[in-house]
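As a plain string of letters, each chain reads:
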Amino acid sequence: MRQYWLGCVSFFVILVASPVVAQSGLRPLTLGQPLQGSMGPEDPVLDSDDSSYELFQVQAPKGQMVTVTLSSTAFQPIVAVGDEIDEECEGCTASVGETDKPAVVRRMVPASGLLQIRANTMNKGDRGAFTILATASQPPPISARPLSFGQSVSNALDQNDAVTNDGATVDAYAVRLTADQEIQLDLSSDDFDPKLELLTPAGLKVAEDDDGGPGTSARIRYVVPRAGLYQVRVTSVGSGQVGTYILTTGLRQELPPMPAPILIDLGQAVSGALSNTTPRYETDGEETHAVRYGLRLEGGKAYRIALNAANGSELDPKISIGRILADGSLESLAQDDDGGGDRNALLRFRPETSGTYVVEVQKVGRANGLYRLVVEQAAAGRAPAATQAMRLGQNISGELRDGGARLTATDALFNTYSIALRAGQKVNVKMEKEGDANLDPLLEIGLLTSAAFEALAKDDDGGQGLNARIKFTAPSDGTYIIRAMAGEPTQEGQYTVGVSDVPVSVVPPIPARAKLGETIRGNLDANDPLRNDSHYFDRYVFDGQIGETFEIAASADNFDIIVGARQIDRVDDDYASDDDSGGGTNAKLIYTVTTAGPQVIRVTTVEESAEGDYSLVIIKK
């Protein structure tokens, strides 16, 4: 699933095949009148991700604020609004919604009185009905309230505030500044991604910042060229974001030097605390609260550094190890946040040279608390165990444990297995972690040559969750080597590994006729046809007219079910589909017919080769 930041399109660029102005597909949108539409296979797609889109245009008086709302229960909506939507949409304001939450963009109407709108789906192949609505209002003017320099203010952005041309809410403050001073403005919020702007007494923007401060906080540092009444604007990254914030003004303050590292010995457990008064240093605008420890390490040896939060503490601890630079910051050679499970940190470090290294205890986020740190020499690695022979259909239990064999390149634990395959034989190779093991399985299959192991295929997360799966076709007769590995040097735990034949594909039968409103009961098993990715499926057909909408619900007790629908003359995998909208692992698809005639429904599974009974109901809305 793709993930996006909500907000300015500079954080996610939506590409189209050609400039919108060159297209004739701009549909008029009337202010205040919702328009019902449907994404279908006839719509154009974006070059960047093949998601479907439609184009609109709305007219409104210059200077008014237009709010565009795109909602759908069939797909995750994205809406972009601009004076002119060109190929890269660099000047657009964009928003991403959810299937139960609309995408909303606000935008000031330009001198032309026209705004262009692009509505598109999140994923390739998403289909279904949507509603788009544009409304206009006269926004309040931006008016600066007085603020004394050196003071902080806590306030909130809300929908009643003034707005920028890009539709972002804004609070403005008038601050009198003195010439030749280096000022620092800081803006933080837990509710939105804050943005700061600084304008001269003449209204010229001379500085702006999004995340120059800690985390997503904004920070401006500026040497004032001449005295006067400047304007500080508090706004957000993206359209329509609101919430509380804290604005701080003052002179730039140099941080005091960090104290010398506390010397510790190998194996010594030390306890401490991180708080807002913990010493801190700055690198590229980011302030890091840290407690430093120093100890001598020998080059070529491996060390295990464990950092745990105290029971009941909200602290999210982080380890960083390296050497101190001339400016007092740490040159990090390795770091870890959650490698120890839960919020705890665990790092395996192998220095190249002997010397004194600095371990920094840091925190992720703002929560403070107590911690416990231990640095010890890691268990000595051993030579790889003898390769264990496998046979088709066999699942073998294994364990990766500190002290076992490690890969030279990544320092990760591994075990090896062998299996004889014929030329052209297709197999599935799986590695699945057991229970709550701190393990992200990683698989390789290849050949052992006289020089070294030669990987022919590799996978990390091709299975369910973090598990690994490789679908492999043997290029020749021979014995193949499987390497079951940990994704990171600190990971260990129990797992199972197995190799099975890829089931022979069954020729899909003619789709069965489905009756609307009746419950269809079916079964997926080895007698059913396979998709290219080894998932069984059944198909059904029903007739529909353009604009008709159907609710297609599918449920199963023994597997995670997926239901898809398409017109009968589309390519086989071009389905509008749903996985879990029916509650739990059940599926419910809202499907709108875009081409009259037979419509095909496909019932399939999330997990490869899953089997079991299911029920299917098609209801005309």
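Residues numbered from 1 in each chain as written. Predicted model: local features only at pLDDT ≥ 70, side-chain atom pairs only at ≥ 80, totals over all residues. Heavy atoms only, no water.

Draft legend 1. Looking closely at the sheet that holds strand β46 (residues 576–578). With mixed pairing, the five strands of this open sheet are ordered in space as β41-β43-β48-β45-β46. One side of each edge strand has no neighbouring strand; the edge strands of this open sheet are β41 (512–513) and β46. Pairing between strand β45 (residues 561–567) and strand β48 (residues 597–605): seven bridges, direction antiparallel. Its bridge partner being in β48, Q567 is matched across the sheet by Q599. (Pairing = 2+ DSSP bridges. Helix = DSSP H or I, 4+ residues; strand = E, 2+ residues; numbered from the N terminus.)

Draft legend 2. Here's a closer look at a negative patch on the surface. Taken together, the side chains of E84, D86, E88 and E90 define an acidic patch exposed on the protein surface. Relative to the helices and strands, E84 resides in the loop between β6 (77–82) and β7 (93–96). (Patch = residues over 30% accessible without salt bridge, like charges linked within 9 Å, V, L, I, M, F, W, Y side chains within 5 Å. Areas by Shrake-Rupley, 256 points an atom, 1.4 Å probe, with all protein chains shown as cover. Salt bridge = Lys/Arg side-chain N within 4 Å of Asp/Glu carboxyl O. Lys, Arg positive; Asp, Glu negative; His and termini not counted. Charge placed at Lys NZ, Arg CZ, Asp CG, Glu CD.)

Draft legend 3. Structural detail: the pattern of salt bridges. According to the stated counting rule, one finds 28 salt bridges in the structure shown. Of the charged contacts, one joins R27 and E54 as a salt bridge, the two residues approaching to 2.8 Å between their closest N and O atoms. In this pair, R27 is assigned in strand β2 (residues 26–29) and E54 in strand β4 (residues 53–59), connecting sequence segments 27 residues apart. Overall, the relative accessible area of 34% leaves R27 in the partly exposed class. (Buried < 20%, exposed > 50% of the residue type's maximum accessible area, 1.4 Å probe, protein only.)

Draft legend 4. Structural detail: the packing of aromatic side chains. Counting across every chain of the model gives five aromatic pairs. Ring geometry for F56 and F130: centres 6.4 Å apart, planes at 80°, overall edge-to-face. In this pair, F56 is assigned in strand β4 and F130 in strand β10 (residues 128–137), connecting sequence segments 74 residues apart. Consider the rings of F542 and F550, whose centres lie 4.9 Å apart with planes at 65°: the pair is edge-to-face. Both residues of the pair, F542 and F550, belong to the buried class. Clustering of aromatic rings is evident, with ring pairs tying together F56, F75 and F130. For the cation-ring pair, R323 lies above Y357, with the distance from its terminal atom to the ring centre recorded as 4.0 Å. In this structure, R483 packs its charged tip against the face of F414, placed 5.8 Å from the ring centre. (Phe/Tyr/Trp six-rings, centres within 6.5 Å; stacked < 30°, edge-to-face > 60°. Lys NZ or Arg CZ within 6 Å of the ring centre and 35° of its normal.)

Draft legend 5. Local environment of the pairing of strand β34 (residues 414–421). Across the eight residues that make up β34, a large majority, seven, are buried. The pairing of strand β32 (residues 388–389) with β34 spans two bridges and is classified as parallel. The residue of β34 that forms the bridge with A389 is S418. Relative to strand β39 (residues 478–486), β34 runs antiparallel, the two being bridged by eight bridges. Note on β39: the bridge partner recorded for I419 is Y480.

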